[in-house]
Amino acid sequence: VTAALAPAVEKRRRNEIETSSRRLTGTLVHRLFERFGTSLADAANNSGIDEELARLIRDEEAVEAGDVDELFGQARRAYLALCAQQAVSEALASGDALFEVPFSVRPASSQMILRGTFDCLIHRRDGGVTLLELKTGKPAPEHHQQLEVYVTAARAMFPGTPVEGTLVYAGQKNLD
């Protein structure tokens, strides 16, 4: 999905250099959610989170990261900020959550197959599905396009089921 949105992203990226450290921060936050959901935030033990980050980072990523302590601090703060979002806690309380769920879908008007990964897919107790797209960076227009594709994919996977999607940004009170 990200590659399909690349033309729109490329223009913005020419003006804004995204460091590998920022990308790695997001990757590590996603790995924390995949492995622990929000349970690490409940303990709010910073050293415990850093210990898990040390287990989750790959050797080649640590070499390229530069200041690993700063990276872990950024990832910890973003993880805790996302866990503290009311929309995240409410959505997670509404049903059974699965993190980092891969999918493939072919849009009706295309021969192309899009592949992506839902950050969080929640099977709600009311029978619906909620997608949470967790972002550690700043809001960007392509995030909305990405979420639209993900919601379309989920509707194809769960025909006749109400599907909603929400963007959640670390460090922001409001959701998009």
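Structure: above.
Residues numbered from 1 in each chain as written. Predicted model: local features only at pLDDT ≥ 70, side-chain atom pairs only at ≥ 80, totals over all residues. Heavy atoms only, no water.

A. Looking closely at the pairing of strand 2 (residues 114–124). Burial of strand 2 is extensive: 8 of the 11 residues sit out of reach of the surface. When strand 1 (residues 95–105) meets strand 2, the two strands line up antiparallel, connected through 10 bridges. Each bridged residue has a counterpart across the sheet, and for glycine 95 the counterpart in strand 2 is arginine 124. Of the pairings in the sheet, the one linking strand 2 to strand 3 (residues 129–135) comprises 4 bridges and is antiparallel in character. The partner of leucine 121 across the bridge, within strand 3, is leucine 131. (Buried < 20%, exposed > 50% of the residue type's maximum accessible area, 1.4 Å probe, protein only. Helix = DSSP H or I, 4+ residues; strand = E, 2+ residues; numbered from the N terminus. Pairing = 2+ DSSP bridges.)

B. Representation of the sheet that holds strand 3 within the structure. The sheet built from 4 strands is open, its strands ordered 1-2-3-4 with mixed pairing. Only two strands of the sheet have a single neighbouring strand rather than two, namely strand 1 and strand 4 (163–169). Taking the axes of each pair of neighbouring strands and ignoring which way they run, one obtains an average angle of 35 degrees across the sheet. Set on the sheet, helix 8 (residues 141–157) makes contact with strand 1, strand 2, strand 3 and strand 4; between it and strand 4 the angle comes to about 150 degrees. (Axes fitted to C-alpha atoms, helices over the stretch in contact; angles between N-to-C directions. Contact = heavy atoms within 4.5 Å.)

C. Just the environment of alanine 65, in detail. Along the chain, alanine 65 falls in helix 5 (residues 59–65). Taking C-alpha positions, alanine 65 is 7.3 Å from serine 20, a pair spaced 45 residues apart along the chain. Contact partners of alanine 65, with chain neighbours within four places excluded, come to Leu24 and Leu71.

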